[in-house]
Amino acid sequence: MKVKILRCSSVPDNLLQPLSASVASPSISMAAQRSLLGESGGGNVESPSEKKYKAEKSPLARWEFMAAIGVFLVFCTVLLCIYLTMPESESEMLKLPRTLADLRMLKVQVASYAGIYPAKFILGYCSTYIFMQTFMIPGTIFMSLLAGALFGVGRGLILVVFNATAGASSCYFLSKLIGRPIVNWLWPEKLRYFQAEIAKHRDKLLNYMLFLRVTPTLPNLFINLASPIVDIPFHIFFLATVIGLIPASYITVRAGLALGDLKSVKDLYDFKTLAVLFLIGSVLLFPTLIKKKRVYE
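About the criteria used
Residues numbered from 1 in each chain as written. Predicted model: local features only at pLDDT ≥ 70, side-chain atom pairs only at ≥ 80, totals over all residues. Heavy atoms only, no water. Axes fitted to C-alpha atoms, helices over the stretch in contact; angles between N-to-C directions. Helix = DSSP H or I, 4+ residues; strand = E, 2+ residues; numbered from the N terminus. Parallel < 35°, antiparallel > 145°, perpendicular 65-115°, else oblique. Left-handed = near helix turned anticlockwise from the far one by under 90°. Contact = heavy atoms within 4.5 Å. Nonpolar A, V, L, I, M, F, W, Y, C, P; charged D, E, K, R; others polar. Core = buried A, V, L, I, M, F, W, Y, C linked by side-chain atoms within 4.5 Å. Buried < 20%, exposed > 50% of the residue type's maximum accessible area, 1.4 Å probe, protein only. Expected span 1.5 Å × (residues − 1). Salt bridge = Lys/Arg side-chain N within 4 Å of Asp/Glu carboxyl O. 1 Å grid on protein atoms, 1.4 Å probe; cavity = no way out; pocket = protein on both sides within 12 Å on 5 of 7 lines; lining within 4 Å. Points joined across faces, edges and corners; volume = space filled by probe spheres on them. Polar contact = N/O pair within 3.5 Å; in protein donor to acceptor, adjacent residues only side chain to side chain.

Participant: If you had to explain the packing of helix α8 (residues 140-186) against helix α12 (residues 234-244) to someone new, which residues and values would you point to?
Facilitator: Between α8 and α12, whose axes approach to 9 Å, the crossing angle comes to 150°. The orientation of α8 relative to α12 falls into the category roughly antiparallel. Every pair of crossing elements has a handedness; the one defined by α8 and α12 is right-handed. Mapping the contact onto sequence places Val161, Thr165, Ala168, Ser169, Tyr172 and Phe173 in α8 and Phe234, Phe237, Phe238, Thr241 and Val242 in α12. Considered class by class, the residues forming the contact of α8 with α12 number 8 nonpolar, 3 polar and no charged.

Have a look at this one:
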């Protein structure tokens, strides 16, 4: 389309030239606008809500999911083999306890089997405990109570600390493989807080990890999953787990001796018990506080 511009003597030439250029090529300016819109990806850009939905829908990549399934199947195969080697009369009565009533019944059922086949029972007990700890299955506290009820304080404590440490270590390495998207998805705020605290106590990291293990400041499940993500070395994680779980495990195993008198799992950690645990944790954290004071001075 051609537009004829009438020349007026009162209008300067320098104003007429850009005006005629813009009118003569409207298609060029419109094409440029379309080009800019196309480059910005106006129709294909994902909104933040769509990205968040995708992240929430699939926190794991396909290979990570397959790796987790593979580890899970290996554990299941081992447990199945142990289960099939048990006498039929005993295997029919086995189930994971979910209440104290279930635990009392299980103790009566497996007490004779544990006495006749101690090696098989301990192998099955350890495999089950480590499996539950690795895949974050609730109920390990009932397994700790069962160890105290069947083996007493000394052997029960060794058994519980060993299994809890092995399960936590297995969970650590599994989280190192596939845990980052899961923890970021489930506990983003808690993970940022944990990462900041680890950075503050990096010089005395073992003392801080012992404090976390002894006290119920953070759940053990979260510590197991988040530790490799915030770059806690395994040897520090392992030592803190072995030593730090002893006080709480002792309380649980000792309570298993009086299983019939226990009314609720909450009774294990009353105010007095929590105060003792925090006192032990504060003693373990004391070197970190001293070093901070010296740095500030």
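Participant: Account for the nonpolar core, naming residues and giving values.
Facilitator: Among the nonpolar cores identified, the biggest contains 28 residues, and Leu100, Leu103, Phe121, Tyr125 and Leu145 are the most heavily contacted of them. At the level of secondary structure, the elements contributing two or more residues to this core comprise α6 (100-116), α7 (118-134), α8 and α13 (246-257). Residue contacts for Leu100: discarding those within four places in its chain leaves Phe142, Leu145, Leu259, Leu262, Lys263, Ser264 and Val265. Residues Tyr172, Val183, Leu210 and Ile229 belong to the second largest nonpolar core, which totals 25 residues.

Participant: Run through α13, naming residues and quoting values.
Facilitator: Residues that lie three or four places apart on an α-helix share one face, since the helix turns once every 3.6 residues. With 12 residues, α13 extends 17 Å from end C-alpha to end C-alpha; this agrees with the ideal 16 Å at 1.5 Å per step. For α13, the set of buried residues is Pro247, Ala248, Ser249, Thr252, Val253, Ala255 and Gly256.

Participant: Would you mind going over the pattern of salt bridges in detail, with residue names and values included?
Facilitator: This structure, assessed with the given rule, holds 2 salt bridges. Between Glu189 and Arg192 there is a salt bridge, and its shortest N-O distance comes to 2.4 Å. Within this pair, Glu189 and its partner Arg192 are both found in helix α9 (residues 188-200), separated by 3 residues, close to a single helical turn. Overall, Arg192 belongs to the partly exposed group, its relative accessible area being 49%. One salt bridge in this structure joins Glu197 and Lys200, with 3.3 Å as the shortest N-O distance. Of this pair, Glu197 and Lys200 both sit in helix α9, separated by 3 residues, roughly a single helical turn.

Participant: Pulling in residues and values, what's your account of the layout of surface pockets?
Facilitator: One simple way to see leftover space: roll a probe sized like a water molecule over the atoms. Volume-wise, the largest pocket comes out at about 770 Å³. Around the largest pocket, the lining comprises 30 residues; the ones closest to its centre are Gln133, Thr140, Asn220, Leu221 and Leu245. Considering only enclosed or pocket space, the second largest pocket measures out at about 420 Å³ in volume. Of all the elements in the fold, those that place two or more residues in the lining of the second largest pocket are α4 (62-84), α6, α7 and α8. Take the lining of the second largest pocket: its biggest share by element is 5 residues, from α7. In terms of residue class, the lining of the second largest pocket is made up of 15 nonpolar, 2 polar and 2 charged.

Participant: Which residues make up the side chain of Asn163, and what values go with them?
Facilitator: Looking at the element boundaries, Asn163 is found in helix α8. Looking at Asn163, its side chain comes within polar contact range of the main-chain oxygen of Leu159, at 2.7 Å. Every residue in contact with Asn163, bar those within four places of it in the chain, is listed here: Tyr125, Cys126, Tyr129 and Ile130.

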